[in-house]
Amino acid sequence: MFAVYAARIDRDQPLSGLELGERPAPEARPGWSTIDVRAASLNHHDLWSLRGVGLAEDKLPMILGCDAAGVDADGNEVVLHSVIGQTGHGVGPREPRSILTEHYQGTFAEQVAVPTWNVLPKPKELSFAEAACLPTAWLTAYRMLFTNSGVRPGDSVLVQGAGGGVATAAIVLAKAAGLRVFATSRDEAKRKRALELGALEAVEPGARLPQRVDAVIETVGAATWSHSVKSLKPGGTLVISGATSGDRPSHAELTRIFFLELKVVGSTMGTKDELEDLLAFCATTGVRPVIDEVLPLDRAREGFERLDSGGQFGKIVLTNG
């Protein structure tokens, strides 16, 4: 089958290890389902995999892609939960959890196999492309906001790095949930888009906000860490799920964290139950993922290059057929 895969690890030039071509189709195994992929979306996780983060060389070649929506063997339209081994289903109770492409072949292919437990019905209200955006970036944002930040309708939240998949999702979800949203971006066009999506204000990173906020959604890391901490109200919560600019800020702001009794919460992906809730939330409210570009699978390299350049706003989707 045709697939997009990591053939080599290159920490400095990750796209040099990206290959498009034929790979073996999934083999049937007990407790697993093979899905015909209709759409899959890119995540920074795919770029990190090409750099060897979370992907060992002895696992190569590895088909990339965490997210997918498609059709199962019975013709049902489905969405995949990307976390494998969270409950032991399909892998055994002692296997630690992993994300697709770390140990098991991913979704940038004509077919993918996952534990049957990881397969959820796709709401009819969502297209395949829209549904394929949800299981990683949007689920991460959902968990950050509604499970880990402690906010409720009427509270305020700062979203760092508007334009990225998680950050864009957080703006849309927070607005839909009745939160007051502030956002940052280095790019003027992305700040304008953030306002169109519902942010009250969108400023350059580091700029003073009109008020301190109840929570910060942080995915940028070192470059925005100090600003995130300084933007919180006393007792506020900083939720972090990534560090695209690096994980070693020059100022940790420890004094401010303990003196103002701030909370720092790590957040990774989300549960199957949370994905079910997110799917229902989108179907019920009319909220839809922000899609930057839809490309056929054989043009995946263009999508990777756009993601690597940081030029996208929202999700890049790859489709079959």
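Sequence order sets the numbering: in each chain, residues are counted from 1 along the sequence as written. Under the rules for a predicted model, residues below a pLDDT of 70 receive no local features and side-chain atom pairs below 80 are neither given nor counted, while totals for whole chains, interfaces and linings still include all residues. Side-chain metrics rest on all non-hydrogen atoms present in the structure, leaving aside hydrogens and water.

Novice: Is there a simple way to think about the nonpolar core in this case?
Specialist: Across soluble globular proteins, you tend to see nonpolar side chains buried next to one another. Only buried residues count toward a nonpolar core, which is a set of Ala, Val, Leu, Ile, Met, Phe, Trp, Tyr and Cys residues joined through side-chain atoms within 4.5 Å. Burial classes: relative accessible area under 20% of the type maximum marks a residue as buried, over 50% as exposed, and values in between as partly exposed (1.4 Å probe, protein chains only). Membership of the largest hydrophobic core comes to 47 residues, with the highest contact counts inside it found for Leu-134, Trp-138, Leu-145, Val-157, Leu-173, Ile-217 and Leu-278. Helix and strand definitions here come from DSSP, where helices need a minimum of 4 consecutive H or I residues and strands a minimum of 2 consecutive E residues; each element is numbered from the N-terminal end. Put simply, the parts of the chain that give this core at least two residues each are helix H2 (128–131), helix H3 (134–148), strand E11 (156–159), helix H4 (165–176), strand E12 (180–184), strand E14 (213–218) and helix H8 (272–285). In this analysis, two residues are considered to be in contact whenever any of their non-hydrogen atoms come within 4.5 Å of each other. Once residues within four sequence positions are removed from consideration, Leu-278 is found in contact with Leu-134, Trp-138, Leu-139, Tyr-142 and Leu-173. Counting 35 residues, the second largest nonpolar core, distinct from the first, contains Ala-40, Leu-60, Ala-113 and Leu-295.

Novice: Hey, could you run me through helix H5 (residues 188–196) in this one?
Specialist: Of the positions making up H5, those classed as buried are Lys-190, Arg-191 and Ala-194. Considered in projection along H5, the buried side chains sweep an arc of 105° and stay on one side of the axis. Structural note: H5 exposes Glu-188, Ala-189, Lys-192 and Glu-196 on the side pointing more than 90 degrees away from its buried face. Looking at the buried residues of H5, the elements they touch are H4, E12 and strand E13 (201–203). Two residues or fewer after H5 comes Gly-198, characterised by a positive phi angle close to 125°. Summarising the geometry, the arc corresponds to the directions from the helix axis toward the C-beta atoms.

Novice: What is the right way to look at the side chain of Lys-315 in this model?
Specialist: Topologically, Lys-315 is positioned in strand E18 (residues 315–319). Polar contacts, as used here, are pairs of N or O atoms within 3.5 Å; protein pairs need one atom able to donate a hydrogen and one able to accept it. Residues neighboring in sequence count only if both atoms are side-chain atoms. Within the local environment of Lys-315, its side chain forms a polar contact with the side chain of Ser-41, the two groups lying 3.5 Å apart. Of note is the side chain of Lys-315, whose polar atom sits 2.7 Å from the backbone oxygen of Leu-42. Those residues in contact with Lys-315 that sit more than four places away from it in its chain are Ser-41, Leu-42, Asn-43, Asp-67, Cys-133, Ala-137, Trp-138, Gly-165, Val-290, Ile-291, Asp-292 and Glu-293.

Novice: Sorry, what's going on with the environment of Leu-120 here?
Specialist: Looking at where Leu-120 falls in the secondary structure, it is placed in strand E10 (residues 119–121). We classify Leu-120 as buried; its relative accessible area is 1%. Considering only alpha carbons, one finds Leu-120 and Glu-77, 43 residues apart in sequence, at a separation of 8.7 Å. With sequence-adjacent residues up to four places away left out, Leu-120 is seen in contact with Glu-77, Val-78, Val-79, His-81, Lys-272, Leu-275, Glu-276 and Leu-279.

Keep in mind that these numbers describe shape and distance, not what the molecule does.
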